Every structure is written in structure tokens, then in C-alpha cells.
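Summary of the model geometry
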Amino acid sequence: MAKRKASRIIFFFMFLFVLGVAAMNAWEVIKAREYTQTELSAQLKQNSWPLTYRDLTMEQLQAILAIEDPLFFQHSGVDLATPGAGLTTITQAVAKWIYFERFEPGIQKITQTLYAYFALDPFVSKMDQITLFINLVGLGKGVKGFHQAAIHYYKKTFDKLSSDEFLSLLAMVIAPKNFNLRDFPQRNRERVKRMKKVISGEYKPKSLMDIYYGKLDEKTQKGLAPFSYFESIYEN
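Small disclaimer: the values here were computed from a predicted structure and weren't measured.

Cut-offs and rules
Residues numbered from 1 in each chain as written. Predicted model: local features only at pLDDT ≥ 70, side-chain atom pairs only at ≥ 80, totals over all residues. Heavy atoms only, no water. Buried < 20%, exposed > 50% of the residue type's maximum accessible area, 1.4 Å probe, protein only. Helix = DSSP H or I, 4+ residues; strand = E, 2+ residues; numbered from the N terminus. Contact = heavy atoms within 4.5 Å. Phe/Tyr/Trp six-rings, centres within 6.5 Å; stacked < 30°, edge-to-face > 60°. Lys NZ or Arg CZ within 6 Å of the ring centre and 35° of its normal. Core = buried A, V, L, I, M, F, W, Y, C linked by side-chain atoms within 4.5 Å.

Remarks on helix α3 (residues 58-68)
Given 3.6 residues per turn, any residue in an α-helix points the same way as the ones three and four places further on. Among all positions of α3, only Gln60, Leu61, Ala63, Ile64, Leu65, Ile67 and Glu68 are buried. Against α4 (90-99), α6 (126-136), α8 (163-170) and α9 (185-200) lie the buried residues of α3.

Side note on the packing of aromatic side chains
By the definition in use, this model includes 13 aromatic pairs. Measuring from centroid to centroid gives 5.7 Å for tryptophan 97 and phenylalanine 133, while their planes differ by 35°, and the two rings are tilted. A residue pair is termed long-range when its members are at least 10 positions apart, and tryptophan 97 in helix α4 and phenylalanine 133 in helix α6 qualify at 36 residues. Relative accessible area serves as the criterion here: at 28%, tryptophan 97 is assigned to the partly exposed category. Residue classification places phenylalanine 133 among the buried residues on the basis of a relative accessible area of 2%. A network of ring pairs unites the aromatic residues Tyr35, Tyr99, Phe100 and Tyr115 as a single cluster. Stacked on the ring of phenylalanine 72, the Lys or Arg lysine 126 has its end atom at 4.5 Å from the ring centre.

Quick notes on the nonpolar core
Among the nonpolar cores identified, the biggest contains 64 residues, and Tyr99, Phe146 and Leu170 are the most heavily contacted of them. Counting only elements with at least two residues in this core, the list comes to α2 (26-46), α3, α4, α5 (108-120), α6, α7 (145-154), α8 and α9. With 6 residues, the top contributor of residues to this core is α5. Here tyrosine 99 is in contact with Ala32, Tyr35, Thr36, Leu40, Tyr115, Ala119 and Leu120, once residues within four sequence places are set aside.

Next up, the structure:
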């Protein structure tokens, strides 16, 4: 009983905190909505991106969704329940890259979530969000998007990538430094191996934060985003 009461009190104060941050960022969210409806919409209509969602095969799209955002087409920009989804949806990731000059983890995570829910998802179609994702995602130092990554790592255009080559690039999204294809090829191969099991349905993520699909050695853990890896998930 006491624990339940304490949990309610903690939840109440957390709710007030989030509400306060939301109120403080109301004007910024309004500006983000305006930017989305004008400048960002115009950029998408110009179709000037190196890749669009049409350049993805169905297999590639399914892989992206299975690993990065399983319920992408069902949620409204935020998903804090689906096993394996982690704390950042595709929509939230795109919001971070579009609306922030420099993103700092912490309170800005709440702002990022507000942007995703109120400014991006209502005005940008899911497929256009995929276009933004595959062009803006960081895949190593100085490498942005799958078009650049295909040339940088494999000296070929995106459409020439094999299935395994594509997955090796997708494997870096979670932590480009830790799973870098060139710097840590063995780590990258291991993540691809685990990803294949998730994509095929052979492995079912155990919880929201089961985003690595198994234990990581201490060296691989170094440099991961704070609170992104919980070894206790894999102890049972």
C-alpha cells in the first residue's frame, strides 16, 4: 500500500514537471508547427533529397520498421510501450534533426517529444517521415543518410547494396560509433546477426528497452547513450 502511494506521488510530480516543460515550450512548438507547414513542406515537395521512401525495397522498409520503430504506422509520433522500440521513434529522431541546432539529452527529450507529436506527425506523412529519416540519420563521423553511407563504406550507390550491406548500415543507427562498420566490423556483424532474428520474428524483444537483443561486452557498452542498455533484461 505504501509503495503504491509513493508511486502515485512520484508519478504526480513527474506529470507536473512534464506539464511545466510543455508550457515553457508552447511558443517553440507553435513556431515548429509553422516551420513544418511552410519551409519543410516546401522542401519535401521539391523532391531534392538524394533518396526518397520510393528508393527502399519492401524488405528494406520492413527492416527499418522492425528495428527502429515497430508500430511506426500506428502511433502519432510517440511510442513508449512497444517491446524493442526504445525511447525514440522515427518521428522523434527526425524531430531532433530538424528542429534542434544542437540537441542535448535530458529536458530537451521532452521538447523533442512535443515537436514529434504536435509539429511533425500532424503535418508530414509517414512516408515523408521515412524519406527524412533515411536522408538525415547519422551513420558515422561526417556521414549523413544512407546515400552517403553506401558510397562511403561500399563505394557504390544505394540501389546496388546487397541485403547484408544494407543491414550493416542499419546496424549503425543505434550507435554509429560503437557499431561502426569500419572501426568495429565484428560488433557490426554481431548486431546484424541479431537484427536478422528480430526481422524474421525468431527473436521477440523482451521489453521497451530491449534494443540490443542480447548482452553486450563492456567495451561495446562504453559510449552508448545513457540509460539505453540494461543488462538485467537478459539475465532471465
